[in-house]
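Here is what each chain is made of, one letter per residue.
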Amino acid sequence: AMQALDAIVFDWQPSIYAPDSAAIDDLIATSFDAEPNSTIRDDGDVDAAHDGTAVSAEYRLPFLAHTTMEPMNATAIYTGDSLTLWSGNQAPVSTRDKAAEAVGLAPEAVTVHTTLMGGGFGRRSDTDFSVVAAMVAKAVPNTPVMVVYDRTEDIHQDFFRPAIHARYEGVVKDGAAVSLHGKVGGPSVAKNTMRRQNGAEVPGADREHVSGAADQPYKIPNFRLSGYISPVNVPLGYWRSVGSSFNVFAFDSFIDEMAHAAGRDPLEFRIELARAEHAPSAAVLEAVGEMSGWGGDLPANRARGVGFGHTFGTPVAQVVEVEDTGAGIRLAKCWIACDPGTALDPGNIEAQMVGGAIYGFSAALFQEITFENGVPQQFNFPDYDAMRMNTAPSFEVRILQNAPHIGGVGEPGTPPAAPALANALFALTGQRARRLPLMHDFDLVF
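Sequence order as written defines the numbering, with residues in each chain counted from 1. Residue-level local features of this predicted model are given only where pLDDT is at least 70; pairs of side-chain atoms are given and counted only at 80 or more, and the full residue set underlies all totals for whole chains, interfaces and linings. To get the side-chain values, all heavy atoms of the structure are used, and hydrogens and water are removed first.

Turning next to the sheet that holds strand E12 (residues 329-338). Reading across the sheet, the 4 strands line up as E10-E11-E12-E15 and stay open at both edges, with mixed pairing between neighbours. The two strands at the open ends of the sheet, each matched to only one other strand, are strand E10 (302-311) and strand E15 (394-399). Averaged over neighbouring strand pairs, the angle between their axes works out to 15° when direction is ignored. Two strands pair when backbone bridges link them, and E10 and strand E11 (residues 314-324) are joined in this way by 10 bridges, in the antiparallel orientation. Across the sheet, the residue bridging to Val-306 is Val-319, located in E11. Any two residues whose heavy atoms approach within 4.5 Å are treated as being in contact. Interaxial angle, 0 to 180 degrees, is taken between N-to-C directions of lines fitted to C-alpha atoms, where a helix line uses only the stretch in contact. The helix count covers DSSP runs of H or I at least four residues long, the strand count covers runs of E at least two residues long, and both are numbered beginning at the N terminus. Contacting E11, E12 and E15, helix H10 (residues 346-366) runs over the sheet at an angle of about 130° to E15. Strand pairing follows a simple DSSP-based rule, namely that at least 2 bridges must link the two strands.

The following block contains the structure:
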């Protein structure tokens, strides 16, 4: 099958999006010149002149692929009157309906067996691979067929996490945050996905575009967070923790910068901001400080950073310790405190927190999708790497149960990983990480 595919000569049309990463970045930057799509958080008056020390920063995050360990695949058999699909998917009803439409059957004539996924992370909420299997099966009736994307096809036919620019301005005075104004620019996952899957436009403000920033439980008297939608038509999809995957990195990194500008300990600074707004969030920050021995003496070649995000109803705090080995910097240890409310299955919660953090570390360290002539330039794990067993840090997880409602656990472990690591690198090197992946700016051992 691969040889047959290689033998076909294709006439490619121009891409529906800007052809290269530089042009896409320019489009994202120009989105700040328009009116915001959303201003979900607007407390106090950020436009007023506030006394104190001004802080500003811009952060940039790349497109990302999902790269599930099991690439996209589905098995199907078409009889003329019915279609049966075996598909690891995150949307069984949509899979049934889209497959039925593709082969000209009524939905009730299609049976979908949802198998174990081999990793989903949002990618398997799309139905493309199942629909392809259904169409191939119709071409050879009464013959079971299996469709498998190879890894390059899996990456190149992905629906990507969007690239984002985030601009922040703030004022600190007397050790406290006085004002914070954040602007998030980039294409909209929700609008892109709805247009592709249903041919419909999402009306009004896109709250997901600013999630993980506008909704953080910090008491700042003057606090505005706005989202700007960029006209970038790169195919987008939901990626583990969605908007929080990029917003928590930028927002929490800026909170760290404000803490240092205020002359405050970055953990204590966050606890003080959270205590006035949301007690369970303050408690997980206090817990992770206790677990890690925050503030204690470390060898000169080691340093720690803290990251925090309240996402999917669950506050999660992480402390990362990094070590300069002389041959490069390695990630040595990670402490995680979370509060999902009632812990129905503590073992599963711990596994999800660790797995979520590793997923976040992998993206922060190595991963990006860049474009040239409309084509992704990453093909397989050698150029889209992931954290391996031998380079993963040791973990310690503490589960609190102070929150009044049960929150998520599958996604909240990912967002704080990148800022915790970046803040640790700043503590070690004095160099701020304002773009990802970190491999471009730091000498890492992985």
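There is more to say after this.
This paragraph deals with helix H9 (residues 279-292). The end-to-end C-alpha distance of H9, which contains 14 residues, comes to 20 Å, matching closely the 20 Å that a straight helix rising 1.5 Å per residue would cover. Each residue is assigned to one of three classes by its accessible area relative to the maximum for its type, calculated with a 1.4 Å probe on protein chains only: buried under 20%, partly exposed between the two thresholds, exposed over 50%. Those residues of H9 that sit buried are Pro-280, Ser-281, Ala-282, Ala-283, Val-284, Leu-285, Ala-287, Val-288, Gly-289, Met-291 and Ser-292. Where H9 is buried, its residues touch helix H8 (266-275), E10, E11, E12 and E15. Multiplying one less than the number of residues by 1.5 Å gives the expected span of a helix.

Two measures describe an aromatic ring pair: the distance that separates the ring centres and the angle between the ring planes. Two rings from Phe, Tyr or Trp (for Trp, the six-membered ring) form a pair when their centres are within 6.5 Å of each other. A pair whose planes differ by under 30 degrees is stacked, one over 60 is edge-to-face, and the rest are tilted. Scanning the model with the defined rule gives 15 aromatic pairs in all. A ring pair is formed by Tyr-59 and Tyr-168, whose centres lie 6.3 Å apart and whose planes are at 70°; its orientation type is edge-to-face. Residue Tyr-59 is found in strand E2 (residues 53-61), and its partner Tyr-168 is found in strand E7 (residues 164-173); the two are separated by 109 residues along the sequence. Owing to a relative accessible area of 0%, Tyr-59 belongs among the buried residues under this scheme. For Tyr-168, a relative accessible area of 1% gives the class buried. The structure contains a cluster of three or more aromatic residues connected by ring pairs, namely Tyr-59, Tyr-168, Tyr-218, Phe-223, Phe-249, Phe-251, Phe-254 and Phe-308.

A few words on the pattern of salt bridges. Once the charged atoms of two side chains with opposite charge are near each other, the side chains can pair. One side-chain nitrogen of Lys or Arg within 4 Å of one carboxyl oxygen of Asp or Glu is enough to make a salt bridge. All chains considered together, the criterion is met by 27 salt bridges. With a shortest N-O distance of 3.3 Å, Arg-167 and Glu-58 are connected by a salt bridge. Separated by 109 residues along the polypeptide, Arg-167 in strand E7 and Glu-58 in strand E2 bring together distant segments of the chain. Overall, Arg-167 belongs to the partly exposed group, its relative accessible area being 30%. A salt bridge links Arg-123 to Asp-158; the shortest N-O distance between them is 3.1 Å. Of the two residues, Arg-123 is situated in the loop between strand E5 (110-114) and helix H4 (128-139) and Asp-158 in the loop between helix H5 (151-156) and E7; the sequence distance between them amounts to 35 residues. Accessibility classification places Arg-123 together with Asp-158 in one group, the buried group. Look at the salt bridges and you will find they share partners, linking Arg-302, Arg-304, Glu-321, Glu-323 and Arg-330 into a network.

It is worth spelling out the state of the cysteines at this point. Our working definition of a disulfide is a cysteine sulfur pair at a distance within 2.5 Å. Inspection of every chain in the model, using the stated rule, returns 0 disulfides. Here Cys-334 stays unpaired: no disulfide links it, and the sulfur of Cys-338, its closest cysteine neighbor, is 11 Å away.

Attention now moves to unusual backbone geometry. Residues Leu-436 and Pro-437 are joined by a peptide bond in cis, for which omega reads 0°. Following the sequence through the fold, Pro-437 ends up in the segment after helix H11 (417-429). Unlike most non-glycine residues, Asp-174 shows phi in positive territory, near 55°. Turning to its location among the elements, Asp-174 is positioned in the loop between E7 and strand E8 (176-186). Asp-174 sits in the exposed class, given a relative accessible area of 76%.

In short, the description is geometric, and any link to function would need to be established separately.
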